[in-house]
Amino acid sequence: MLALVDCNNFFVSCEKVFNPKLEGQPVVVLSNNDGVIVARSKEAKALGIPMGAPRFQCDDLLKKYQVVVLSSNFSLYSDMSQRVMQTIQSLGYDFEVYSVDEAFLSFEGDKKEQARFLSQAQEVREVILQWTGIPVSIGIAQTKTLCKAANYFAKQGDGKHVVLIAEEVRKEYLERLGLQEVWGIGSKSCERLKKKGIFTAWDLSACSDQFLRKELSVVGLRIAMELRGIPCLHVEEVRAPRKSISTARSFVQPLFLLDEIQAELARYTGRVCEDLRSEKSLASCISVWYEAKDAVVSANKAYDMRSSILQEPTASTSELISQAKALFTILYKGGLKYKKVGVLLSDLVPEEGFQQDLFSAPALSQERKKEAKKAKVMQVIDQLNAEFGAQTIRFAAEAVKSRCKRELCAWDELPIVSV
């Protein structure tokens, strides 16, 4: 049997851990440019505030019900996600990190041992809540798609935080699950299937294989087979490495000066480089971009980007900061009100065994020795920051205090009170 652990209203739950006064209040979290609602508390959902709606469309509703509106803090959410996943790992289950707030677990044993599986899931839920403060819902079933369905019912507010879909009740649950709630069925496919009389997950699972291949290709057939209780997707314990890493922040007030903006950009570059090294990857390409206000008035672009292909893949913060600053110098236009900048590292390759330049210096040359020395310096800096707190050691080019709308926060940066 498999189980899907899904954090409830994850971004809002992270905020409540650090600000318990938010408990019981309607809360929404905005995207990193404060333009779109990306998370809602259950109280905000009850008010009819839609997910993914532009903030300006909901301003009257937010003011009427005194909804707490928060800017996003993705550094904090990433840190809390890691704590949740580490907690799951410590419990000894085979598991796959599916997203920032979801993980699949593998429960060993006879599928008829329902009481034991429910007890195990409840234990997982209680430990995560106790160790991290994050509430989760858990769906248990024979396949990943059925786990998604079970988790959907676990979140419906009836007090059941753990739901198990066994074979004898599978039809009952799938008849109550709308087609639009089936994992992997997009809105266009949903509309097309409804025109053919298919409205529920049970209807989909009952379709013939030939019909499914024709309407939804082999992907749709796999979804239907999973709904029938036939596993097609297995728990992947090794997560596929990311292809790119990026970060971007909006400023509290627009910035004008090149030096100030480059200092912010250097700070962001330092953060993505830490993520890059934590995944044991190297970047082959770096891109920087900006968003500006009143660009039309000044006859300049409101958005622009520049990229650079690196001579060799690297994870060196010093080298990538230099590249980022050089790219932004090309982009910079005096007189613009810069409201946001960002950096993207792409074409990532593993640090071991990457394809080297045919015309680069031999392995034992002075250049190779310099690269090895840079890697050791980065390793020492990461170790010191991990032990003594973020930015204990930083590059001089980085801004000391961020001007972004929300100061970054991580669990290990919290002050410790001695009694």
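Everything below is about the structure shown above.
Residues numbered from 1 in each chain as written. Predicted model: local features only at pLDDT ≥ 70, side-chain atom pairs only at ≥ 80, totals over all residues. Heavy atoms only, no water.

Asks: Looking at this structure, I do not really get the overall build of the protein chain. What am I missing?
Replies: In terms of regular secondary structure, the protein chain is built from 13 helices and 13 strands. Residue pairs in contact within the protein chain that sit at least 24 positions apart in sequence constitute 66% of those at least 6 positions apart. Approximately 22300 Å² of the protein chain is accessible, and the part contributed by carbon and sulfur atoms is 53%. (Helix = DSSP H or I, 4+ residues; strand = E, 2+ residues; numbered from the N terminus. Contact = heavy atoms within 4.5 Å. Areas by Shrake-Rupley, 256 points an atom, 1.4 Å probe, with all protein chains shown as cover.)

Asks: Which parts of the structure should I look at to understand the packing of aromatic side chains?
Replies: Note on aromatic pairs: each is described by the distance of the centres and the angle between the planes. For the structure on display, the rule yields 14 aromatic pairs. With a centroid separation of 6.0 Å and an interplanar angle of 5 degrees, the aromatic rings of phenylalanine 107 and phenylalanine 117 are classed as stacked. Of this pair, phenylalanine 107 sits in the loop between strand E6 (102-106) and helix H5 (114-132) while phenylalanine 117 sits in helix H5; the two residues are 10 residues apart in sequence, bridging distant segments of the chain. With 6.5 Å between their ring centres and 85 degrees between their planes, tyrosine 290 and phenylalanine 328 make a pair best called edge-to-face. In this pair, tyrosine 290 sits in strand E10 (residues 281-293) while phenylalanine 328 sits in helix H12 (residues 317-331), placing the two residues 38 residues apart along the sequence. When its relative accessible area of 0% is taken as the criterion, phenylalanine 328 is described as buried. Taken together, the aromatic side chains of Tyr290, Phe328, Tyr332 and Tyr338 make up a single cluster linked through ring pairs. (Phe/Tyr/Trp six-rings, centres within 6.5 Å; stacked < 30°, edge-to-face > 60°. Buried < 20%, exposed > 50% of the residue type's maximum accessible area, 1.4 Å probe, protein only.)

Asks: Would you mind showing me how to read H5 here?
Replies: Because the α-helix completes a turn every 3.6 residues, residues three or four places apart line up on one side. Over its 19 residues, H5 runs 27 Å from end to end, which matches the ideal 27 Å to within 8%, given 1.5 Å per residue. Within H5, burial applies to Phe117, Gln120, Ala121, Val124, Arg125, Val127, Ile128 and Thr132. Each buried residue of H5 lies within a common arc of 165 degrees when the element is viewed along its axis, so the set occupies one face. Exposed and oriented more than 90 degrees from the buried face of H5 are Ala115 and Gln130. (Expected span 1.5 Å × (residues − 1). Arc of directions from axis to C-beta.)

Asks: How do you make sense of the sheet that holds strand E8 (residues 162-164) when you look at a structure like this?
Replies: The strands making up a sheet associate through backbone hydrogen bonding, with each pair oriented either parallel or antiparallel. In space, the 5 strands of this open sheet follow the order E5-E6-E1-E7-E8, with mixed pairing throughout. Of all the strands in the sheet, just strand E5 (94-99) and E8 have a single pairing partner and so form its edges. Across this sheet, the average inter-strand angle for adjacent strands is 20 degrees, counted without regard to direction. The pairing of strand E7 (residues 136-141) with E8 spans 3 bridges and is classified as parallel. Bridged to glycine 139 within E8 is valine 163. Where H5 meets the sheet, its contacts fall on strand E1 (2-7), E6, E7 and E8, and the angle it forms with E7 comes to roughly 160 degrees. (Pairing = 2+ DSSP bridges. Axes fitted to C-alpha atoms, helices over the stretch in contact; angles between N-to-C directions.)

Asks: Please explain the packing of helix H8 (residues 187-194) against helix H10 (residues 209-227) as it appears in this structure.
Replies: Any two packed helices are characterised by the angle at which their axes cross and by the distance between the axes. In the contact formed by H8 and H10, the axes pass within 11 Å of each other and the chain directions differ by 135 degrees. Taken together, the axes of H8 and H10 lie oblique to each other. Together, Ser189, Arg192 and Leu193 of H8 and Phe211, Glu215 and Leu216 of H10 make up the contact between the two elements. Residues that form the contact of H8 with H10 fall into these classes: 3 nonpolar, 1 polar and 2 charged. (Parallel < 35°, antiparallel > 145°, perpendicular 65-115°, else oblique. Nonpolar A, V, L, I, M, F, W, Y, C, P; charged D, E, K, R; others polar.)

Asks: Can you help me understand the pattern of salt bridges in this one?
Replies: Oppositely charged side chains are able to pair whenever their charged atoms sit close together. This structure, assessed with the given rule, holds 14 salt bridges. We note a salt bridge from arginine 55 to aspartate 59, for which the minimum N-O separation is 3.7 Å. A residue pair is termed a helical-turn pair when its members lie 3 or 4 positions apart in one helix, as arginine 55 and aspartate 59 do in helix H3 (residues 55-64) at 4 residues. For arginine 55, a relative accessible area of 32% puts it in the partly exposed group. Given the relative accessible area of 26%, aspartate 59 is considered partly exposed. Salt bridges sharing common partners tie together Arg192, Lys196 and Glu215. (Salt bridge = Lys/Arg side-chain N within 4 Å of Asp/Glu carboxyl O.)

Asks: In this structure, what is going on with the environment of asparagine 8? I would like to understand it.
Replies: Its place among the elements puts asparagine 8 in the loop between E1 and helix H1 (10-18). Once residues lying within four places of it in the same chain are set aside, the contact partners of asparagine 8 are Ser13, Pro135, Val136, Ser137 and Lys155. Side-chain polar atoms of asparagine 8 contact the side chain of lysine 155, separated by 2.8 Å. (Polar contact = N/O pair within 3.5 Å; in protein donor to acceptor, adjacent residues only side chain to side chain.)

Asks: Would you mind going over unusual backbone geometry with me for this structure?
Replies: Note on backbone geometry: most residues besides glycine have negative phi, and most peptide bonds are trans. In this model, lysine 280 sits at a positive phi of 55 degrees, which is unusual for a non-glycine residue. Here lysine 280 lies in the loop between helix H11 (258-278) and E10.

Asks: How should I be thinking about the nonpolar core in this particular structure?
Replies: Val5, Phe10, Ile88, Leu105, Phe107, Ile138 and Ile140 are the most contacted members of the largest nonpolar core, which has 37 residues in total. It is helix H4 (residues 74-90) that provides the largest number of residues to this core, a total of 6 residues. Apart from residues no more than four positions distant in its own chain, isoleucine 88 is found in contact with Val5, Tyr93, Phe95, Ala103, Leu105 and Ile128. Leu4, Phe153, Cys190 and Leu212 belong to the second-largest nonpolar core, a separate cluster that totals 30 residues. (Core = buried A, V, L, I, M, F, W, Y, C linked by side-chain atoms within 4.5 Å.)

Asks: How should the side chain of serine 316 be read in this particular structure?
Replies: Of note, serine 316 is situated in the loop between strand E11 (303-314) and H12. For serine 316, a relative accessible area of 4% puts it in the buried group. In this structure serine 316 touches Cys273, Lys374 and Met378, once residues within four positions along its chain are discounted.

Asks: Teacher, can you tell me more about the pairing of strand E2 (residues 27-30) here?
Replies: Two faces make up the sheet, and in a regular strand the side chains alternate between them. Here E2 shows two buried faces, one formed by Val27 and Val29 and the other by Val28 and Leu30. One ladder, built from 3 bridges, connects E2 with strand E4 (residues 68-70); its direction is parallel. Within the sheet, the bridge partner assigned to valine 27 lies in E4 and is valine 68. In the sheet, E2 pairs with strand E3 (residues 37-40) via 3 bridges, with the strands oriented antiparallel. Its bridge partner being in E3, valine 28 is matched across the sheet by arginine 40.

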